[in-house]
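Read off the chains here:
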Amino acid sequence: MTPSFRLLACLVALGCLGAGVAQAQAPTPGRRAPPNRGLGMPAALPDPTTSAGNVGVRLEPGAVLCRTPEELQRRQAAMVAQGAGDEPSLPAGCFLVGARTPVEVLERRGYGRTQVKTLGRTSETGWTDAYLPQR
């Protein structure tokens, strides 16, 4: 056999193997697909802006809520001092949020100061430095 026929025969054989593998992987009509064994991509999460359980913007547990922007500024200064080795403390007008709390954003002053109004049983207005996405 000449080298060109040998090369052509190898290419035909590889093409037949490739077609057989592709046919074996294609789903057959009327046959169920094999179960997913955890391989591949995870299920997509629902879009938070259109899901039925959307509670909107909320403060997560551990977020700080202060009554005035000055108290929030004192809290941020206390965080800087804590990084330098001082004892952690919250100013008198600030408290930690204990549970997820839905809020309405009233005003934004830069990245670290947002005025919010809590929604629910008790409605409070205060300032937080927590990240709250714009909607």
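Structure first, text after, so check above.
Scope of this entry: the structure provided in the associated data block. What you are looking at is a predicted structure, and each value in this text was computed from that prediction instead of being measured.

The rules behind these values
- Residues numbered from 1 in each chain as written.
- Predicted model: local features only at pLDDT ≥ 70, side-chain atom pairs only at ≥ 80, totals over all residues.
- Heavy atoms only, no water.
- Disulfide = S-S within 2.5 Å.
- Helix = DSSP H or I, 4+ residues; strand = E, 2+ residues; numbered from the N terminus.
- Salt bridge = Lys/Arg side-chain N within 4 Å of Asp/Glu carboxyl O.
- Buried < 20%, exposed > 50% of the residue type's maximum accessible area, 1.4 Å probe, protein only.
- Pairing = 2+ DSSP bridges.

**Side note on the state of the cysteines**
Tallying each qualifying case throughout the model produces 1 disulfide. Across a sulfur-sulfur distance of 2.0 Å, C66 and C94 are joined as a disulfide pair. Disulfide C66-C94: the torsion about the S-S bond is 110°, which places it as right-handed. Taken together, the residues span a long stretch of sequence, with C66 in strand β2 (residues 64–66) and C94 in strand β3 (residues 94–96) at a distance of 28 residues.

**Examining the pattern of salt bridges**
Scanning the model with the defined rule gives 4 salt bridges in all. For R58, the salt bridge identified is with E60, shortest N-O distance 3.0 Å. We classify E60 as partly exposed; its relative accessible area is 34%. Of the charged contacts, one joins R109 and E107 as a salt bridge, the two residues approaching to 2.9 Å between their closest N and O atoms. Within this structure, R58, E60 and R100 form a network of salt bridges that share partners.

**Focus on the pairing of strand β4 (residues 101–108)**
The sheet contact formed by strand β1 (residues 58–59) and β4 spans 2 bridges and is antiparallel. Within β4, the position partnered with L59 by the bridge is T101. Note that β4 and strand β5 (residues 114–118) share 5 bridges and pair antiparallel. Bridge pairing in β5 places R108 opposite T114. Two successive antiparallel strands, β4 and β5, enclose a turn made up of 5 residues, where G110 displays a positive phi of approximately 80°.

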